[in-house]
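What follows is each chain in one-letter form.
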Amino acid sequence: MKSKSTQLATKFKSFFEEIGDLAYFAGRFFKEVFTRPFEFKELLRQCYNMGIRSLLLVGVTGFILGLVFTLQSRPTLMEFGAESWMPSMVSISIVREIGPVIIALICAGRIGSGIGAELGSMRVTEQIDAMEVSGTNPFKYLVVTRILAATLMLPLLIIFGDAVALVGSAIIENLKGEVSFLLYFNKVADALEFSDVIPATIKTFFFGFAIGLVGTFKGYYCKKGTVGVGEASNSAVVYTSMLLFVIDFIAVFIVDIFFEV
Amino acid sequence: MEKTNNKEPVLKIVDLKKSFGDNHVLNGFSLELYKGESLVIMGKSGSGKSVMIKCLMGLLVHDSGLIEIMGHDLSKLTLNQLNDLRSQIGFLFQGSALYDSMTVRENLEFPLRKNKEKFKQKDALVLEALESVGLAHVMDLMPEELSGGMKRRVALARAIILKPKIIIYDEPTTGLDPITSKEIIQLMRDIQEKYGASSLIITHDVDCARVIANRMILLIDGVNYAEGSFAELALSTDKNIKAFFK
């Protein structure tokens, strides 16, 4: 039997090998994304699958996020007589941080695991091999389109989710604090600046890229068997979730340097 | 089937070797497939049949040896050249490998995408291929709505839609009931007659081999163990060969 230190060393080695493979995979994406033929039809289909079909989930999540966040914050702000700050506080928190991260995590679960499972089962049932022997480049058709679609759709989903969260927050403010919707959104507009919105939106492209990249990587190189499909789907979510926090940290760090928040 | 006399090889494999670590799967396998011929390769599970056809289609890179398809050395081709060559080869996968997210029509149109001339005639070509396998009425169904036998026939239609010069069948009757297996074997014969393509058939099915083979190769431990017509091999007294025909 291998000693624990040997097992640990093997795990570390395979972890770094996987990071290397992922980097190579990302490099291949950037190489193939700019070369013909462009799979526009498949890209649109993936945008529809990832974007339109996630709207309900993102909408419900965003709405509940806005409701709960406002309900939980209200008593504390009331203690200090600062209820009027509620729209500013909620909008800045949601737009800058909570909205993008929570919705990206939800999308990692829905989109990332979906991509991992779909490509994994295509690999196991030889559908990817079938594409290759028919003379089509499966990487371009399956991988490039999905990563691009995730990169393009996630910012839109997050903007939509943030907006719905603010509507949820406005409803609570209207019911509990008798603040009109007009007043609420005027205060939101006053509070939010470009330095809140632009960096937060830019990082969502990276979130989308990470979800697409890890999902396709795990699915495309899925090991044989149904167990492999499950593992691809599961690990796509786990790795993406970790990666999202790393990207978020880097983004906040960079924004902190340039905008001195 | 009777032996063909055409001695023009469309596919040649010489001394093919492929290993995965210490596992030597192919240890010098060779074959020649002639124009219009049906060559059956039989071997036990793990004997290297699937690895051999994956090397043949460029899905795996072989360690050494020569693979020549229609005069082209596979190892010297660029990816584009390989893809052009692949479009002249039809491939029937063991599990049919139909694209789940596409209708039957879209599955059949998929191999046509690279050829603009043929893509313009896609409706006629799809109909012709589906009529060849007797399934013109399932054109707009999804693969999940088809039975196992129907899936295999649709996969066969997809394999022949570009009118390939070589058709490779990977276990064409595996997982099918005896009646459906006979239908598939009959279809393979009909397609062979209609298109005059050379066929390379990997199978465990002795009935399939008896009906379809002009010539057979027995693959054991990654090498050609025996070669001959079905009748010659079936009458052999070698216990390893006899084991296949029990």
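A.B. asks: Quick one: what's the story with the sheet that holds strand E3 (residues 38-43) of chain B, residue by residue and with numbers?
C.D. replies: Residue and element names in this part refer to chain B. Read across the sheet, 6 strands follow the order E6-E7-E8-E3-E9-E10 without closing on themselves; strand pairing throughout is mixed. Since the sheet does not close on itself, it has two edges, and those belong to strand E6 (89-92) and strand E10 (223-228), each with one partner. Between one strand axis and the next, the sheet turns through 15° on average, direction left out of account. Judged from the 5 bridges that link them, strand E7 (residues 166-170) and strand E8 (residues 198-202) form a sheet pairing that is parallel. Bridge pairing in E8 places isoleucine 166 opposite serine 198.

A.B. asks: Which residues make up the domain arrangement of chain B, and what values go with them?
C.D. replies: All names here are of chain B. Along its sequence, chain B is organised into domain 1 (9-88 + 164-245) and domain 2 (102-163). For domain 1 and domain 2, the distance between their C-alpha centroids amounts to 24 Å. Contacts between domain 1 and domain 2 engage 12 residues on the former and 14 residues on the latter. Considering each element in turn, the side of domain 1 that touches domain 2 owes the most residues, 7 residues, to helix H7 (residues 178-195). A per-class count over the side of domain 1 that touches domain 2 returns 7 nonpolar, 3 polar and 2 charged.

A.B. asks: Give a detailed account of the packing of helix H6 (residues 138-176) of chain A against helix H7 (residues 181-191) of chain A, specifying residues and quantitative values.
C.D. replies: Residue and element names in this part refer to chain A. Direction vectors running N to C along H6 and H7 enclose 130°, while the axes themselves pass 9 Å from each other. As summarised for this structure, H6 and H7 are arranged oblique, according to the angle between their axes. Considering how the two elements wind past one another, H6 and H7 form a crossing that is right-handed. Contacts from Leu166, Ala170, Glu173 and Asn174 in H6 reach Phe181, Tyr184, Phe185 and Val188 in H7.

A.B. asks: Could you give an account of helix H6 (residues 148-160) of chain B, with specific residues and numbers?
C.D. replies: In an α-helix, one turn spans 3.6 residues; hence positions three or four apart end up facing the same way. Residues and elements named next belong to chain B. In this model, H6 (13 residues) spans 19 Å end to end at C-alpha, consistent with the 18 Å of a helix rising 1.5 Å per residue. With 11 of 13 residues buried, H6 lies mostly within the body of the structure. Buried within H6 we find Met150, Lys151, Arg152, Arg153, Val154, Ala155, Leu156, Ala157, Arg158, Ala159 and Ile160. In the core, the buried residues of H6 are packed alongside E6, helix H3 (104-109), helix H5 (122-132), E7 and H7.

Parameters and conventions
- For every chain, the first residue of its written sequence is number 1, and the numbers climb from 1 along that sequence.
- Lettering for chains starts from A, numbering for ligands starts from 1, and both go in the order in which the items are written.
- Local features in a predicted model are, by the rule used here, given only for residues with pLDDT of at least 70; side-chain atom pairs are given and counted only at 80 or more, and totals for whole chains, interfaces and linings are based on all residues.
- Two strands qualify as a pair provided that DSSP identifies no fewer than 2 bridges between them.
- Labels follow the DSSP assignment, with helices taken as runs of H or I lasting at least four residues and strands as runs of E lasting at least two, numbered in each case from the N terminus.
- Each axis is a line fitted through C-alpha atoms, and for a helix only the stretch in contact is used; angles between axes span 0 to 180 degrees, taken between their N-to-C directions.
- Annotation comment: domain bounds sourced from an automatic or database domain assignment.
- Remark: residues whose backbone-derived C-beta atoms lie within 7 Å of one another are considered to be in contact.
- Each residue receives one of three labels: charged for Asp, Glu, Lys and Arg, nonpolar for Ala, Val, Leu, Ile, Met, Phe, Trp, Tyr, Cys and Pro, and polar for the others, Gly being one of them.
- Should an angle fall under 35 degrees it is called roughly parallel, over 145 degrees roughly antiparallel, and 65 to 115 degrees roughly perpendicular, with every other angle called oblique.
- Left-handed describes a crossing in which the near helix is turned anticlockwise from the far one by less than a right angle; the clockwise case is right-handed.
- In this scheme, a helix's expected span is set at 1.5 Å multiplied by one less than its residue total.
- Burial in this document is a count-based property: other C-beta atoms within 10 Å of a residue's C-beta are tallied, and the residue is buried at 20 or more, exposed at 12 or fewer, or partly exposed in between, with C-beta positions derived from the backbone.

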